[in-house]
Amino acid sequence: MDWVPSTERSRFASALSNQVVCVTGGAGFIGGHLVDALVALGARVTVIDDLSNSDAGHLSKVIDACPEQIRFVQGSILDPVALGAAVEGARVVFHLAAMGSVPRSVEDPARAWVVNATGTMRVLSAAHKAGAHRVVFSASSSAYGNNPELPKVESMGCEPESPYAASKVAGEGLCRAWSGSYGLDTVSLRYFNIFGPRQRAGSAYAAAIPAFLSAFADGRAPTVFGSGEQTRDFTHVNNAVFANLLAAVHEGDLGGEVLNVGAGQRTSVNELARILGEHSGRGDVGVVHAPERAGEVMHSVADIRAIEDRLGYRVVTGMEEGLGETAGWYLEHLSVTDGGEG
Ligand SMILES: NC(=O)c1ccc[n+]([C@@H]2O[C@H](COP(=O)([O-])OP(=O)(O)OC[C@H]3O[C@@H](n4cnc5c(N)ncnc54)[C@H](O)[C@@H]3O)[C@@H](O)[C@H]2O)c1
């Protein structure tokens, strides 16, 4: 939590201390970092997660350290009983649970839809029924698709290229509808390629950074899909957590607004591989190229002016600093994080 600027730290603590909040997908990568921050700020956190893409390892450590502050409901957001128990008494619901992989959604579009779209509708209904004040939804920059215009601004139209992207756009629409029709305040945070410690490495669906670091750690050349000239706005997870906290404590309605969460910097996948190779001390192994993956977009970078203006967001951990920290973490922990997707 050292990364939270002191100006915001006291504001977050006074708004969230002893406040009941719910984190769906709180055993996952971003959810786990959000849970850490919420617990450090004194919130009373309920996590619901079915562990379909995570394990309870990190959460168990948080529960052991602060048992009175955290409650874990192991179950699906699609199960009304488990979901009802999870959102009970929550003032803010952070909705992160999702089937989060583009390639997996191409293989199993029905599952992506039911978890990401139907699941979001159920979370909104349950939050409204429980009297929550706000739902903060984890949306995705994949909504912009292959629209060539850069940087991506929220006013641009959505052009989802994959079932995952389409299901996330549906989630944004549902959030806006629940604000419009039921008075439940909502906001959709469109994340751009979030990375950091504890993101899963090892499966065919792993996000690039853990997959590259895992390969370098084994002395293997990492696989780059396509030419590697595709660009992304690689954003350290602290920035995503910061955006969630800013959204949670915002005074006044957000009314279903959509806001980008990125670092505002464009880096190619080849350049990323080079930087991580250097951090790993294995720049010598190079990369191997594989065919481009279906549903993936060519270029992406966030315009972050809207979230800066609306919530006071700024980049709290820059890309270079974040990559260094993340590489260090993986080199130390890789053997225990292998085996999931990012
Ligand atoms: N990581 C990124 O770069 C990125 C980018 C854009 C959007 N997002 C979104 O942010 C959120 C978190 O992503 P992440 O990278 O931490 O992914 P993650 O897979 O690590 O976390 C998602 C969690 O949701 C859980 N989950 C899945 N289906 C569930 C269900 N039916 N019921 C309960 N829990 C369920 C999984 O077990 C996992 O713990 C997701 O909504 C994802 O779509 C992530």
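Residues numbered from 1 in each chain as written. Predicted model: local features only at pLDDT ≥ 70, side-chain atom pairs only at ≥ 80, totals over all residues.

**Details of the sheet that holds strand β5 (residues 134-140)**
Keep this limit in mind: Two strands qualify as a pair provided DSSP detects at least 2 bridges between them. Runs of H or I in DSSP of at least four residues are treated as helices and runs of E of at least two as strands, each being numbered from the N terminus. Axes, fitted as lines to C-alpha atoms, cover a helix only where it is in contact. Angles between the N-to-C directions of the axes lie from 0 to 180 degrees. Here, residue contact means that the backbone-derived C-beta atoms of the two residues sit within 7 Å.
One open sheet holds the 7 strands; their spatial order is β3-β2-β1-β4-β5-β6-β12, and the pairing between them is parallel. The open sheet terminates on both sides in strands that have one partner only, identified here as β3 (70-74) and β12 (257-261). On average, each strand axis in the sheet is tilted by 20° relative to the strand beside it, whichever way the strands run. In the packing of helix α4 (residues 80-87) onto the sheet, contacts are made with β1 (20-24), β2 (44-49), β3 and β4 (92-95), and the angle to β2 comes to roughly 165°.

**Focus: the confidence of the model for the chain**
Reading predicted coordinates in detail is not appropriate for stretches of low pLDDT. Counted only if it meets this: On a scale of 0 to 100, pLDDT captures the predictor's confidence in every residue.
Mean pLDDT over the chain works out to 95, with 98% of the residues at or above the 70 mark. Low pLDDT (under 50) marks residues 336-342, which in the prediction has 27 contacts with non-local residues, meaning those over four places away or in another chain.

**Let's talk about unusual backbone geometry**
For clarity, the threshold we go by: Once C-beta atoms are placed from the backbone, each residue is buried if 20 or more other C-beta atoms lie within 10 Å of its own, exposed if 12 or fewer, and partly exposed for counts between those two.
A cis amide bond links Leu-150 with the next residue in sequence, Pro-151, at an omega value of -10°. Here Pro-151 lies in the loop between β5 and α7 (163-182). Within the chain, Asn-18 stands out as a residue other than glycine whose phi angle is a positive 65°. By the C-beta count within 10 Å, which is 8 here, Asn-18 ends up exposed. The phi dihedral of Arg-198 is positive, around 75°, even though this residue is not glycine. Residue position: Arg-198 is located in the loop between β7 (194-195) and β8 (201-202). Judged by C-beta crowding, with 22 C-beta atoms within 10 Å, Arg-198 ranks as buried.

**Looking at the pairing of β2**
Our working definition: Here the term right-handed applies to a crossover when the path leading from its first strand over the helix to its second strand runs clockwise, the strands being oriented away from the viewer.
Counting buried positions along β2 yields 6 of 6 residues, so the element is predominantly enclosed. Residues of β2 alternate between two faces, with Arg-44, Thr-46 and Ile-48 on one and Val-45, Val-47 and Asp-49 on the opposite face, all of them buried. As for the winding sense of the linkage, the β-α-β connection from β1 through helix α2 (residues 29-40) to β2 is right-handed. Both β2 and β3 contribute to a ladder of 5 bridges, which runs parallel. When the sheet's bridge partners are listed, Asp-49 is paired in β3 with Gln-74. As for the winding sense of the linkage, the β-α-β connection from β2 through helix α3 (residues 57-65) to β3 is right-handed.

**As for the site of the ligand**
Note the following rule: Using a C-beta atom placed from the backbone for every residue, we mark a residue as near a molecule or strand if that atom lies within 6 Å of it. Residue polarity follows a fixed list, in which Ala, Val, Leu, Ile, Met, Phe, Trp, Tyr, Cys and Pro are nonpolar, Asp, Glu, Lys and Arg are charged, and the others, Gly among them, are polar.
Inspection of the region around the ligand gives 28 residues, with Gly-25, Gly-28, Phe-29, Ser-54 and Ala-98 positioned closest. Elements that contribute at least two residues to the shell around the ligand include exactly α2, β2, α6 (109-129) and β5. Of the residues belonging to the shell around the ligand, the class tally is 14 nonpolar, 12 polar and 2 charged.

**Considering α4**
The condition that has to hold: This arc corresponds to the set of directions leading from the helix axis out to the C-beta atoms.
Among all positions of α4, only Leu-83, Ala-86 and Val-87 are buried. Seen end-on, α4 carries its buried residues on one side only, within an arc spanning 85°. Those residues of α4 hidden inside the fold are in contact with β1, β2, β3, β4 and α6. Looking one or two residues past α4, Gly-89 carries a phi angle of roughly 80°, positive in sign.

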